[in-house]
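Structural description and commentary
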Amino acid sequence: VDQLSRVFDVSAPWLNRMIDRKPKRYLRAVQDVTFVVEKGKCLALVGESGCGKSTVARLVTGLYAPSEGAIVFAPADKGRGRGKPMEAQMIFQDPHASLNPRWRVGDIIAEPIREFGLRSGAEATEARVAELLRTVGLSPDDAKRYPHEFSGGQRQRISIARALASEPEFLVCDEPTSALDVSVQAQILNLMRRLQDELGLTYLFISHNLAVVRHMADRISVMYLGRIVEEADTEALFADPQHPYTRLLLQTIPDVAAPNRDRELMGGEPPSPLDPPKGCAFHPRCPMATDLCSKTAPEVRARKGGGTVACHLAPAA
Ligand code: SF4
Ligand code: MG
C-alpha cells in the first residue's frame, strides 16, 4: 500500500522492568503488539491506565528500549532502513512536568532548532520561534515568559510548539489533554487536528477516553493488559464493537456526573499485569466468558467488517 508508512511489530515477548524495583520481579508490560500507522493519519491506542499504551508510546519513540524481544519498524517504502524508529516527537500528558521551569519559553522552543541545526544564527532561530508560537495560537512576545506564567492549556500549546520545532513527520501524543478542563481539551484537540491537516502530520494518539479519540482518530486499537484486543476504523469500531471489552469501554465513556460508574460497570479494577489471568486475560471481568475463555487465550483474527479482534465469541469475518 502506497500510503502505508510504518508497521510497528513488537513481535517477541519481552519484559519490562518493574516499577517498584522488587528484585527479580518483572512486569510484562506489552506483548505481541502490531499496528499500522498510515502517513498523514491518526491511530489511537485506547485502554485503561496500566494497559501498556504509554509503554508502547515510549518504545516507538525510543525513550524505552525493550528489555526482551524486539521492535520491528517495517517501512512500506523499501528505501528506508528496517529497525529504525521514525523521526518522532512526543507530547506528554502533563506539560507542567515536561517543560523546564527555569527556561524561558523562547529557549524551550529554540532548543531543538539549535540541536538539529535547523536555522543558522540567532535571528533566524528567533523568527522561527515566533512563527511556531503563532502556529499554536500564542504570541511571539510569549517567548520572553516562563512556563509557570501560563495556564495548563497554554502550556500544552508550548509543548506542541516545541515538538514541532524539530520538524517531525510523526507525533506520539500520550494523553495530551487528560490533565486539562473539558473546554480547554476541545481547543487543544482542534489545534492538533488543524496542525495535522496543515503540516501533513501523522499521529499516534494515546488515550483512555474513547470520546476524545472519536474526534481525532482514523483508526483505533483497543489494548487490554498489554495486548491489542480489537482494531478497526473509528466509525466501524463505534458502529459495531465486537470485543466485550470494547463494548464496555464504549459504555463507560467518562461521565462527570457519575465518576464511579465506570469501575462498577467494568467489574472493578483490571487484574495486575504481574499476574495476568490464564486463558483470555479479560475473562474475570467479561460478562460473556465461558469455560473455554478461562483455559485458552483467543487468537487475534480477522474482524467482520475489517480490522482484527481477539475473542472466542466474535463473529466470523
Ligand atoms: Fe470474553 Fe471469552 Fe471473548 Fe475473552 S474470549 S473477551 S472472556 S468472551
Ligand atoms: Mg499512561
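Residues numbered from 1 in each chain as written. Chains lettered and ligands numbered in written order. Predicted model: local features only at pLDDT ≥ 70, side-chain atom pairs only at ≥ 80, totals over all residues.

Attention now moves to the overall build of the protein. Along the protein, the regular secondary structure elements total eleven helices and 13 strands. Here the protein, with 317 residues, has 38% of them falling under the buried criterion. In the protein, the proportion of contacts linking residues at least 24 apart, taken out of those at least 6 apart, comes to 64%. (Helix = DSSP H or I, 4+ residues; strand = E, 2+ residues; numbered from the N terminus. Buried ≥ 20, exposed ≤ 12 C-beta atoms within 10 Å, placed from the backbone. Contact = placed C-beta atoms within 7 Å.)

Let's shift gears to helix α4 (residues 122-135). A rise of 1.5 Å per residue sets the reference length of α4, with its 14 residues, at 20 Å; its end C-alpha atoms lie 20 Å apart and thus fit the reference within 8%. Residues of α4 that are buried: V129, L132 and L133. Buried residues of α4, viewed axially, fall in a sector of 100°; they line one side. Residues of α4 that are exposed and point over 90 degrees away from its buried face: E123 and A124. Where α4 is buried, its residues meet α3 (105-115) and α5 (152-165). (Expected span 1.5 Å × (residues − 1). Arc of directions from axis to C-beta.)

Backbone geometry at E167 places phi at a positive 55°, although glycine is not the residue there. Within the element layout of this structure, E167 appears in the loop between α5 and β8 (170-174). The exposure class of E167 is partly exposed, given the 13 C-beta atoms found within 10 Å. A positive phi is found at L225, a non-glycine position, where the angle reads about 45°. Along the chain, the position of L225 falls in the loop between β10 (219-224) and β11 (227-233).

Pairing is mixed across the open sheet formed by eight strands, whose spatial order is β7-β8-β9-β5-β10-β11-β13-β12. The open sheet has two edge strands, β7 (88-91) and β12 (301-302), and neither has a second partner. In this structure, β10 lies alongside β11, joined through six bridges in antiparallel fashion. Within β11, the position partnered with M223 by the bridge is I228. Contacting β5 (42-46), β7, β8, β9 (202-207) and β10, helix α1 (residues 53-60) runs over the sheet at an angle of about 150° to β9. (Pairing = 2+ DSSP bridges. Axes fitted to C-alpha atoms, helices over the stretch in contact; angles between N-to-C directions.)

As a rule of thumb, soluble globular proteins bury nonpolar side chains together. Within the largest apolar cluster, 68 residues are counted, with the highest numbers of intra-cluster contacts made by A44, L204 and F205. For this core, the element with the highest residue contribution is α5, accounting for six residues. Beyond its immediate sequence surroundings of up to four residues, L204 is in contact with V37, L43, L45, A57, V60 and V172. (Core = buried A, V, L, I, M, F, W, Y, C linked by C-beta atoms within 7 Å.)

Turning next to the confidence of the model for the protein. Confidence along the protein averages 82 in pLDDT terms, with 80% of residues attaining 70 or more. Here strand β2 (residues 16-17) is the element of the protein with the lowest mean pLDDT, 34, and α4 is the one with the highest, 97. Low pLDDT, under 50, characterises residues 1-26; the stretch is placed with 62 contacts to residues that sit more than four places away or in other chains. In the predicted assembly, ipTM is 0.95 and pTM is 0.82. (pLDDT = per-residue confidence, 0-100.)

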